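Spelled out, the chains give:
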Amino acid sequence: MIQLRPHHLLCLLTYVGKGYSPAFVNNYDRIAARLNAGEKIRITDKPDDICAPIAGDLTEHCHGHRVITRDDLTARDVGKLLGVDVRNGTTLKLTPERISMLRAAFATGKIRAACKGCQWHDLCTEVADNGYTNCRVLAPHTLPKAAKSGFAGLIDGLYGATLWFRMGGVAFLLILLITQDDLRHALMNLMFPR
Ligand code: SF4
């Protein structure tokens, strides 16, 4: 299980391989691969798996008031959006549907109160504005299409069936016109009366 502090639920949405140091990025890439493989997350209120390579160097940053506020704001906003109580010990899985919801809300700023004053703010905004295309965590082009609801699937099935029915009707009419001279002449007279 991947340990994450709340505000990293936002940061992973726009992670494009940039970070504080090569060790930080290498570690983040490994976490991205685990998330992409479907591993679950456990929320922590301490420096987490993403912080690990720099936690010793940035102790003040990781335990500072600003970062704790960032966690609180994210827990509130993401929790409300996903309908999950985001707190120390909560476990959750980032499904394609959840990632899509989070990214859509992130792009509109709805869940970005925590980003205020962050040094990566402009980069994250640019990534969101560009459709998250180069993200390493569950990039949009890698996500399986969301399963359709039963009703939507039924409508799709009916549409497909009627399309085949109509194509079959046109083919049948063409065969009739080719093989039945009387019918063809009658139709031509109807369309182009002399
Ligand atoms: S702006 Fe900062 S807090 Fe917000 S998602 Fe980006 S890195 Fe995370």
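All values derive from a computational prediction rather than experimental measurement. (Residues numbered from 1 in each chain as written. Predicted model: local features only at pLDDT ≥ 70, side-chain atom pairs only at ≥ 80, totals over all residues.)

Below, the discussion takes up the environment of arginine 5. Structurally, arginine 5 is set in the loop between strand 1 (2-4) and helix 1 (8-11). In this structure, the C-alpha to C-alpha distance between arginine 5 and threonine 74, residues 69 residues apart in sequence, is 9.5 Å. Every residue in contact with arginine 5, bar those within four places of it in the chain, is listed here: Thr44, Asp45, Asp48 and Asp71. (Helix = DSSP H or I, 4+ residues; strand = E, 2+ residues; numbered from the N terminus. Contact = placed C-beta atoms within 7 Å.)

Moving on, we come to the sheet that holds strand 2 (residues 41-43). Here three strands make up an open sheet; going across it, the order is 1-2-3 and the pairing mixed. Each edge of the open sheet carries a strand with a single partner, namely strand 1 and strand 3 (91-92). One ladder, built from three bridges, connects strand 1 with strand 2; its direction is parallel. Its bridge partner being in strand 2, leucine 4 is matched across the sheet by isoleucine 43. (Pairing = 2+ DSSP bridges.)

Lining the immediate environment of the ligand, one finds His7, Leu10, Cys11, Thr14, Arg70, Ala114, Cys115, Cys118, Trp120, His121 and Cys124. Counting residues per element, the ones that place at least two in the shell around the ligand are helix 1 and helix 6 (121-129). The residue inventory of the shell around the ligand, partitioned by class, reads seven nonpolar, three polar and one charged. (Near = placed C-beta within 6 Å. Nonpolar A, V, L, I, M, F, W, Y, C, P; charged D, E, K, R; others polar.)

A word on helix 2 (residues 22-36). End to end, helix 2 covers 21 Å across 15 residues, agreeing with the expected 21 Å (1.5 Å per residue, within 8%). Of the positions making up helix 2, those classed as buried are Tyr28, Ile31, Ala32 and Leu35. Here the buried residues of helix 2 occupy an arc of 105° about the axis, which is enough to place them on one side. Those residues of helix 2 that are exposed and aimed more than 90 degrees away from the buried face are Pro22, Ala23, Asn26, Arg30 and Ala33. Residues of helix 2 that are buried in the fold lie against strand 1. Immediately downstream of helix 2, the backbone of glycine 38 shows phi near 95°, a positive value. (Expected span 1.5 Å × (residues − 1). Buried ≥ 20, exposed ≤ 12 C-beta atoms within 10 Å, placed from the backbone. Arc of directions from axis to C-beta.)

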